[in-house]
There are 2 protein chains.
Amino acid sequence: MAYNLAPLQQLVEQFERMPGIGHKTAQRMAFYILGLSKEQAQEFANAVTNAHTKIKQCKICCDLADDELCPVCKSETRDKSVICVVEDPRDVAAIERTHEYNGTYHVLHGAISPMDNRGPDSIKIKELLARLKDGSVDEVIMATNPTVEGEATAMYISRLLKPMGITVSRLAYGVPVGADLEYADEVTLSRALEGRSVI
Amino acid sequence: MAYNLAPLQQLVEQFERMPGIGHKTAQRMAFYILGLSKEQAQEFANAVTNAHTKIKQCKICCDLADDELCPVCKSETRDKSVICVVEDPRDVAAIERTHEYNGTYHVLHGAISPMDNRGPDSIKIKELLARLKDGSVDEVIMATNPTVEGEATAMYISRLLKPMGITVSRLAYGVPVGADLEYADEVTLSRALEGRSVI
């Protein structure tokens, strides 16, 4: 009967809508919330609304930011002549973790996907073109996902940029470090062969 | 860099504290929240605070309730002479799903566990004894978990109740329906042998 309680049911439903969360997990999470103290529950609810109201998009690169500009665009030490184009803010975080890249980013917030009715206008390509107008950018690195949609987006953007005299590069394909060749799929393996380098 | 944003970081931390939620899942959930519309995020936050403020404990059985009494205790058709004692509100829901039980419940909110410093006073045994004073209850079914703590709690309570002339019963042990005998552990199997019945 406990589950007929409307407030509990509503909370379970909210959790169930999250990606990768099933009914059982959602219930466990709802019971966790009930077990919190009043202050902790309020803190949790505030974290949700705060994240939503305080986090906006950077005016330059469309990455997440808690200010007009994101930390990368604000920084004076980053190389503004290179832009790395990614699909998602999480990809920015992934590349930042390598500590190997010192340029700026551009977050498309998606990829072109005719199947899902998403054309070039539904992602942040216009904003990218606007950044390239003043000629200060030399290279654009396409770091969209190695999927059909990511590929198509990279191709589409590179065709737009090449006439502007900008170098467009693409992340290397190959076998991931630490993986087992035996388990690599054929496409990855043939790309790794194509892209082999002399040692 | 995106992860250095304080509001996002706080939200990720809130999700990480939940049972069974790791860092990656917490991040995914936080990004899901960011992707919601303003109204949806507000609705989510409200569901959290609502569940917390509106759900209390039933004055009789200590189950969750959105009123003074839970639906079971309020019901006129439930048999008030039988009480099924469980550890957790989720156990009430599990037993309700069988549609086989028409008595009332008592939720202990835990089990006796000296290892975790939880004695008889930290669970709702006092409340159970208070319900038995007027002599209207004939049977108490101990449905605590089949763990060391659940066992100990069942034994402790049964010793308190027997002198009061109340029948105390325990859920049957045995192999779960649909399981494979090969994979049943020895303790379960020996309990199933002990409890065998003539067919």
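Just so it is clear, the structure is predicted and the values come from calculations on it, not from any experiment.

A. Looking closely at the environment of A:Glu87. All names here are of chain A. Considering the arrangement of structural elements, one finds glutamate 87 in the loop between strand S3 (79-86) and helix H5 (89-96). Sequence-wise, glutamate 87 and serine 197 are 110 residues apart; in three dimensions their C-alpha atoms are separated by 28 Å. The contact partners of glutamate 87, leaving out residues within four places of it in the chain, are Val107, Leu108, His109, Gly110, Ala111, Thr144, Asn145 and Gly150.

B. Fine view of the relation of the copies chain A and chain B. The operation relating chain A to chain B is a screw motion whose rotation component is 180 degrees, with 0.0 Å of axial translation and a residual RMSD of 0.1 Å. In the structure described here, the two chain copies are related by an operation that fits a two-fold rotation axis. Using C-alpha coordinates, one finds that chain A approaches the rotation axis most closely at A:Ala45, a distance of 2.3 Å.

C. Molecular detail of the packing of helix H3 (residues 38-54) of chain A against helix H1 (residues 6-16) of chain B. At a closest axis distance of 8 Å, the pairing of H3(A) and H1(B) adopts a crossing angle of 145 degrees. As for how H3(A) packs across H1(B), the hand of that crossing is left-handed. Of the residues in H1(B), those touching H3(A) at A:Glu43, A:Phe44, A:Ala47, A:Val48, A:Asn50, A:Ala51 and A:Lys54 are B:Pro7, B:Gln10, B:Leu11, B:Gln14 and B:Phe15. Its residues placed into classes, the contact of H3(A) with H1(B) shows 7 nonpolar, 3 polar and 2 charged.

D. Structural view of a nonpolar patch on the surface. Residue and element names in this part refer to chain B. Residues Val175, Leu181 and Leu189 make up a contiguous nonpolar surface patch of about 230 Å² in total accessible area. For leucine 189, the location among the structural elements is in helix H8 (residues 186-194). Residue leucine 189 is classed as partly exposed on the basis of its relative accessible area of 30%.

E. Structural context of the pattern of salt bridges. For the structure on display, the rule yields 12 salt bridges over all chains. One salt bridge in this structure joins A:Asp88 and A:Arg90, with 3.1 Å as the shortest N-O distance. A residue is classified by how much of its surface remains accessible, and A:Arg90, at 32% relative accessible area, is partly exposed. Put simply, B:Arg170 and B:Glu151 hold a salt bridge, and the shortest N to O gap is 2.9 Å. Placement of B:Arg170 in strand S6 (residues 167-170) and of B:Glu151 in helix H7 (residues 148-161) is noted, with a sequence separation of 19 residues between them. Take B:Arg170: its relative accessible area is 26%, and that puts it in the partly exposed class.

F. Focus on the interface of chain A and chain B. Facing 51 residues of chain A, the contacting portion of chain B comprises 51 residues. Regarding the contact of chain A and chain B, the summed buried area is about 4,900 Å², with carbon and sulfur atoms giving 75% of it. Viewed at the interface, chain B and chain A are joined by 0 salt bridges. Counting every contact that joins chain A to chain B gives 6 residue pairs in polar contact (both at pLDDT 80 or more). Listed by contribution, the elements that provide at least two residues to the side of chain A that touches chain B are helix H1 (6-16), helix H2 (23-35), H3, strand S2 (64-65), helix H4 (71-74) and H5 of chain A. Element by element, the count of residues in the side of chain A that touches chain B is highest for H3(A), at 13 residues. Class assignment for the residues of the side of chain A that touches chain B results in 32 nonpolar, 9 polar and 10 charged.

G. Molecular detail of the packing of H1(A) against H2(A). All names here are of chain A. One can describe the packing of H1 onto H2 by two numbers: an axis separation of 8 Å at closest approach and a directional angle of 125 degrees. Accordingly, the angle class assigned to the pair H1 and H2 is oblique. Taken as a pair, H1 and H2 cross one another with a handedness that is right-handed. Contacts from Leu8, Leu11, Val12, Phe15 and Glu16 of H1 reach H2 at His23, Ala26, Gln27, Met29, Ala30, Phe31, Ile33 and Leu34. Tallied by class, the residues present in the contact of H1 with H2 amount to 10 nonpolar, 2 polar and 1 charged.

Conventions adopted
Residues numbered from 1 in each chain as written. Chains lettered and ligands numbered in written order. Predicted model: local features only at pLDDT ≥ 70, side-chain atom pairs only at ≥ 80, totals over all residues. Heavy atoms only, no water. Helix = DSSP H or I, 4+ residues; strand = E, 2+ residues; numbered from the N terminus. Contact = heavy atoms within 4.5 Å. Least-squares fit on C-alpha atoms with pLDDT ≥ 70 in both. Axes fitted to C-alpha atoms, helices over the stretch in contact; angles between N-to-C directions. Left-handed = near helix turned anticlockwise from the far one by under 90°. Nonpolar A, V, L, I, M, F, W, Y, C, P; charged D, E, K, R; others polar. Patch = residues over 30% accessible without salt bridge, like charges linked within 9 Å, V, L, I, M, F, W, Y side chains within 5 Å. Areas by Shrake-Rupley, 256 points an atom, 1.4 Å probe, with all protein chains shown as cover. Salt bridge = Lys/Arg side-chain N within 4 Å of Asp/Glu carboxyl O. Buried < 20%, exposed > 50% of the residue type's maximum accessible area, 1.4 Å probe, protein only. Buried area = accessible area lost by both parts, 1.4 Å probe. Polar contact = N/O pair within 3.5 Å; in protein donor to acceptor, adjacent residues only side chain to side chain. Parallel < 35°, antiparallel > 145°, perpendicular 65-115°, else oblique.

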